[in-house]
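# Residue-level structural notes
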Amino acid sequence: MAKTRWLSAAAALSLAVGAGSVAAQVSETFDSYADGSNISGQAGDTGWSDAWSSDADGSFTAESGSLTYAGYKADATGSKAHLSPAGTQTATWTIFRNITTPFSGDDTFYISFLAQNLAYVPDASFGETNPILGTRYFGVGIFGQPEGGGTVTERFLVGQGSGFSQWTLNRVDDTAYPGVTANTLESGIATSGVSLVVCRVDLHSGPDLPVFTFWVNPDVTAGEFAGNAVGGQSFVSQAGFDHATVSRVRLGGGGTQTGSPNVYASDHYLDEVRIGFDSPFAHPGDANGDGLVNLSDLQILGDNWQSTSATWATADFTWDSIVNLGDLQILGDNWGWGTTPDVSFDQALALVDFVPEPASFALIGLVGLLLLRRPVL
Ligand SMILES: [Ca+2]
Ligand SMILES: [Ca+2]
């Protein structure tokens, strides 16, 4: 009976097969640069129209040994970037590069990278006694042109900002819109360990505002949703603030911070910078987070059919805790993602048993037991 219901459910679906994986539009893994070489002036990796600019206020060198983060792509080999300011708290060390095909219009794209802020040595001459993991700003700066035209300026910064050692998303003042002030989304996460920082940007043409969603150290194998991280949050840009086109990227930071305590420039590692249309989170339908949507995921869905306490890992792709037709639809729509499927989705449905997951039976059994024990009036 259960199998029959499964097949009839499948008949109601419109299925797209073999969507396939799309490569990141822009990436910089630093893997193509010789160990110890200066990254400034080099032009490796994909999606860029020029080379990294040079910088006189710090150094950007390739260093063997990738940063790694569980579930974030599979690249644990090659090199990372070692960013080092020029040794004073007033250093501003940045390099720039332009994107071949800018993001614009109604594009939704993701910025993600691995980063590590190495502890600096406190400077007693500035009254410092405790290490502060931070700089005035550090990270991946995003530059672009307002929709109405004009100069390419900084739109927002994904990294650390405003003197915080925690990871932040900073929107920058736009002089094209007087009175609109910058604001900062604070993750509350400051660590000297490796962090995965992710920002989703939903651009909108016309009067609609762009929307940002920001994550620090999310579980990327568990799918994309706003709460998937300590510090996973989203916010909507202020009226009049326009991020119409994204065309230029800055790496690096600055170390000057007035007030107390002062924040000094410190060394950072940066790696696996990706800017593109692909979410770094597990793809819809990919329950087991292996980068493929295939029979294994469909088996998980079948095993958990009608569960009411499901998670992404047990095939709830709609975040309503239930495994039902809506989740099956998503899996079907994404069938073959990241792979060439051996069988069609229709054929796959015939191979998987479709049974309510055991907890449902347990619940029914418990209710039945309570009914049996109910006093007879
Ligand atoms: Ca999978
Ligand atoms: Ca669901």
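Residues numbered from 1 in each chain as written. Chains lettered and ligands numbered in written order. Predicted model: local features only at pLDDT ≥ 70, side-chain atom pairs only at ≥ 80, totals over all residues.

## A look at the environment of proline 280
- Secondary-structure assignment places proline 280 in the loop between strand 14 (268-276) and helix 2 (295-303).
- Of the residues examined, proline 280 has 23 C-beta atoms within 10 Å and is grouped as buried.
- In this structure the C-alpha to C-alpha distance between proline 280 and glycine 71, which are 209 residues apart in sequence, comes to 9.1 Å.
- Not counting chain neighbours up to four residues away, the residues in contact with proline 280 comprise Tyr72, Tyr110, Ser112, Val198, Val220 and Arg274. (Helix = DSSP H or I, 4+ residues; strand = E, 2+ residues; numbered from the N terminus. Buried ≥ 20, exposed ≤ 12 C-beta atoms within 10 Å, placed from the backbone. Contact = placed C-beta atoms within 7 Å.)

## Describing helix 2
- Regarding helix 2, the residues found buried are Asp297, Leu298, Leu301 and Gly302. On an axial view of helix 2, the arc spanned by its buried residues comes to 140°, and they lie on one face.
- Tucked into the core, helix 2 has its buried residues touching helix 3 (325-333) and helix 4 (345-351). (Arc of directions from axis to C-beta.)

## Quick notes on the pairing of strand 8 (residues 167-171)
- Counting buried positions over the five residues of strand 8 gives five, a clear majority of the element.
- The two faces of strand 8 match: Trp167, Leu169 and Arg171 on one face and Thr168 and Asn170 on the other face are all buried.
- Alignment of strand 7 (residues 153-160) against strand 8, held across five bridges, turns out to be antiparallel. The residue of strand 8 that forms the bridge with glutamine 160 is tryptophan 167. (Pairing = 2+ DSSP bridges.)

## Focus: the packing of helix 2 against helix 3
- Between helix 2 and helix 3, the shortest axis-to-axis distance is 11 Å and the interhelical angle comes to 175°. Looking at the two axes, helix 2 sits roughly antiparallel to helix 3. From helix 2, Asp297, Leu298 and Leu301 reach across to helix 3, where they touch Asp327, Leu328 and Leu331.
- Partitioning the contact of helix 2 with helix 3 into residue classes produces four nonpolar, no polar and two charged. (Axes fitted to C-alpha atoms, helices over the stretch in contact; angles between N-to-C directions. Parallel < 35°, antiparallel > 145°, perpendicular 65-115°, else oblique. Nonpolar A, V, L, I, M, F, W, Y, C, P; charged D, E, K, R; others polar.)

## Some words on unusual backbone geometry
- At aspartate 45, a residue that is not glycine, the phi angle is positive and equals roughly 65°.
- Mapped onto the fold, aspartate 45 is located in the loop between strand 1 (26-28) and strand 2 (58-64).
- When the 18 C-beta atoms within 10 Å are taken as the criterion, aspartate 45 is described as partly exposed.
- A positive phi angle is found at asparagine 217, which is not glycine, with a value near 55°.
- Among the structural elements, asparagine 217 can be located in the loop between strand 11 (211-216) and strand 12 (233-236).

## Looking at the sheet that holds strand 9 (residues 184-186)
- With respect to topology, six strands assemble into an open sheet ordered 4-13-6-7-8-9, the strand pairing being antiparallel. Whereas interior strands pair on both sides, the edge strands pair on one side only; in this sheet they are strand 4 (92-104) and strand 9. Pairs of neighbouring strands in the sheet enclose a mean axial angle of 20°, with direction left out of account.

## Here we look at the nonpolar core
- Grouped together as the largest cluster of nonpolar side chains are 72 residues, with contacts concentrated most on Val140, Ile142, Val158, Val197, Cys199 and Leu301.
- With six residues, strand 5 (residues 108-117) is the largest single contributor of residues to this core.
- Not counting residues up to four positions away in its chain, the partners in contact with leucine 301 are Ala287, Ala315, Val323, Asp327, Leu328 and Leu331. (Core = buried A, V, L, I, M, F, W, Y, C linked by C-beta atoms within 7 Å.)

Don't take any of this as a statement about function, it's just geometry.
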